[in-house]
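The chain contents come next:
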Amino acid sequence: ARPGSGRGTAAVRMDAAAAAAFAADVSIEAWAGRWRVVRLPEDAVSRARVEVSPSDVSWEAFTETVTIARSPESPGIGLVLIEAGEADGLGLVLIEGVAPGSNAAALSVGTFLPGDVIAAAGTPGGPSFSTEGITYDATVGVLSSLDPMAPVVLTLKRLRPRPFITVRLEFPQAEGRDDESVTLYSGMNLRRVMLGSGINLNDPLARRFDAGIGTGDCGGEGCCCTCAVDVLKGVEVLSAQGAQERQMLAKFPRWRLACKTSVVNLVASGEMVVRVSPRGFDGFYGKDERDANGKLQYRGL
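(A) Local environment of the overall build of the protein chain. Broken down by element type, the protein chain carries five helices and 13 strands. Looking at the 301 residues of the protein chain, the share that counts as buried comes to 43%. Contacts in the protein chain between residues at least 24 apart in sequence constitute 63% of all its contacts with a sequence separation of at least 6. Put simply, the protein chain shows about 15,400 Å² of open surface, and 51% of that area lies on carbon and sulfur atoms.

This is the structure we're talking about:
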């Protein structure tokens, strides 16, 4: 069978019982659409390989190791597999369920979920054979080659919703602009996401830190201060400041350089509130403060 594909999102991590209920409520076609099979070239740390990974940034994959006991009287495994796709010698084989009364069914609920991928198979103390990205026939061949009297050790790949942070962006009052929102997942850089969403971060009131005079965008090198933002809520999920950023923003403890700021400590979805171009907000400058050209900067409250 070759089901179609589908996509969906969620925003929480789930325990085994909730995950089992959630997985059972989603079609196998939808799970198939959330995976992709890719060939990865050799690099400095890994050989060329095939990998099954999430097809969408809103999902993340993790692995579980499961041992299925077998006996001479019951040498079977009991997993129901489905081929969700095959092309160019690669395949996407998913677990659809477990056979009633089988060795796999004897394990606790949630051990195997619809949409799981068998990434590797072996026996205790023996070699483990990769089954990631191979065809249905090749997968069955690997499982059938294992000693039927020995337990089966399976490495499963499973998807779970990836937590995200919704960043509400506030703009200076003088711009007359409504708040906007962007979404960041763990590892994403604040400046890149904002620029990709059309948010201008070149604060015309900022002074270059490296030159000491003048303005101008340094291109994300962390030395011009034009992308500084004021984090009103959610700072705890952001990467730590480096020494130069701390020095540049010493007078403003809530401020961050967006170019040097990423989401790193995200364990659950939430909200962040950020002021863009914080120097432009009413009340930032005192009544008598002027720029280098003598222009009065005060905007009032």
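Having seen the structure, we can now continue with the description.
(B) Expanded view of the pairing of strand E13 (residues 270-276). Relative to E13, strand E9 (residues 164-170) runs parallel, the two being bridged by six bridges. Note that in E13 the partner of Val-167 across the bridge is Met-272. The sheet contact formed by strand E11 (residues 228-233) and E13 spans four bridges and is antiparallel. Looking at E13, one finds that Val-229 is bridged to Val-276.

(C) Broad picture of the pattern of salt bridges. Per the counting criterion, the structure on display carries twelve salt bridges. Here Arg-275 ties to Glu-170 by a salt bridge, and the two come within 3.3 Å at their closest N and O atoms. Here the residue Arg-275 occupies a position in strand E13, and Glu-170 occupies one in strand E9, the gap between them amounting to 105 residues. Taking relative accessible area as the criterion, Glu-170 reaches 15% and is therefore assigned buried. Between Arg-177 and Glu-180 there is a salt bridge, with the nearest N and O atoms lying 2.9 Å from each other. When its relative accessible area of 29% is taken as the criterion, Glu-180 is described as partly exposed.

(D) Highlighting the packing of aromatic side chains. In the structure shown here, the tally under the stated rule is five aromatic pairs. Ring centres of Phe-252 and Trp-255 lie 4.0 Å apart, and the angle between their planes is 15°; this geometry places the pair in the stacked category. Among the aromatic residues, those joined into a ring-pair cluster are Phe-252, Trp-255 and Phe-284. Between the NZ or CZ atom of Arg-177 and the centre of the ring of Phe-171, over which it lies, the distance is 4.0 Å.

(E) Here's a closer look at the pairing of E9. Pairing analysis gives six bridges linking E9 to strand E10 (residues 180-185), with the strands arranged antiparallel. Paired with Val-167 across the strands is Val-182, a residue of E10.

(F) Quick look at the nonpolar core. Formed by 29 residues in total, the largest nonpolar core has its most connected members in Ile-165, Val-167, Leu-169, Leu-184, Leu-257 and Met-272. Mapped by element, the contributors of at least two residues to this core are E9, E10, helix H4 (190-196), E11, strand E12 (255-257) and E13. Those residues in contact with Leu-169 that sit more than four places away from it in its chain are Asp-179, Glu-180, Val-182, Met-194, Ile-199, Val-274 and Val-276. Residues Phe-112, Ala-121, Val-142 and Leu-146 belong to the second largest nonpolar core, which totals 17 residues.

(G) Fine view of empty space enclosed by the protein. Evaluation of the coordinates by the stated rule reveals one cavity of 30 Å³ or more. Reported here for the largest cavity is a volume of approximately 60 Å³. Among the elements of the structure, strand E5 (90-98) and strand E6 (117-122) are those that each provide at least two residues to the lining of the largest cavity. Counting residues per element, the lining of the largest cavity draws most heavily on E5, at three residues. Taken together, the residues of the lining of the largest cavity sort by class into six nonpolar, four polar and no charged.

(H) Quick look at the sheet that holds E12. Taken together, the five strands give an open sheet; going across it, the order is E10-E9-E13-E11-E12, and neighbouring strands pair in mixed fashion. Looking at the sheet topology across the chains shown, the edges are occupied by E10 and E12. Mean inter-strand twist for the sheet, computed between neighbouring axes without regard to direction, equals 35°.

(I) Representation of helix H3 (residues 136-145). Turning to H3, its buried residues are Thr-139, Val-142 and Leu-143. The buried side chains of H3 occupy one side of the element, clustering within an arc of 95° when seen end-on. Within H3, the exposed residues directed more than 90 degrees away from the buried face are Asp-137, Ser-144 and Ser-145. Among the structural elements, strand E4 (79-87), E5, E6, strand E7 (128-130) and strand E8 (152-161) are those in contact with the buried residues of H3.

(J) Summary view of unusual backbone geometry. Its identity is not glycine, yet Asp-88 carries a phi of approximately 55°, on the positive side. If you trace the backbone, Asp-88 turns up in the loop between E4 and E5. In the Ramachandran plot, Cys-225 falls in the positive-phi region, its phi being about 75° despite a non-glycine side chain. Following the sequence through the fold, Cys-225 ends up in the loop between H4 and E11.

Rules behind the numbers
Residues numbered from 1 in each chain as written. Predicted model: local features only at pLDDT ≥ 70, side-chain atom pairs only at ≥ 80, totals over all residues. Heavy atoms only, no water. Helix = DSSP H or I, 4+ residues; strand = E, 2+ residues; numbered from the N terminus. Buried < 20%, exposed > 50% of the residue type's maximum accessible area, 1.4 Å probe, protein only. Contact = heavy atoms within 4.5 Å. Areas by Shrake-Rupley, 256 points an atom, 1.4 Å probe, with all protein chains shown as cover. Pairing = 2+ DSSP bridges. Salt bridge = Lys/Arg side-chain N within 4 Å of Asp/Glu carboxyl O. Phe/Tyr/Trp six-rings, centres within 6.5 Å; stacked < 30°, edge-to-face > 60°. Lys NZ or Arg CZ within 6 Å of the ring centre and 35° of its normal. Core = buried A, V, L, I, M, F, W, Y, C linked by side-chain atoms within 4.5 Å. 1 Å grid on protein atoms, 1.4 Å probe; cavity = no way out; pocket = protein on both sides within 12 Å on 5 of 7 lines; lining within 4 Å. Points joined across faces, edges and corners; volume = space filled by probe spheres on them. Nonpolar A, V, L, I, M, F, W, Y, C, P; charged D, E, K, R; others polar. Axes fitted to C-alpha atoms, helices over the stretch in contact; angles between N-to-C directions. Arc of directions from axis to C-beta.

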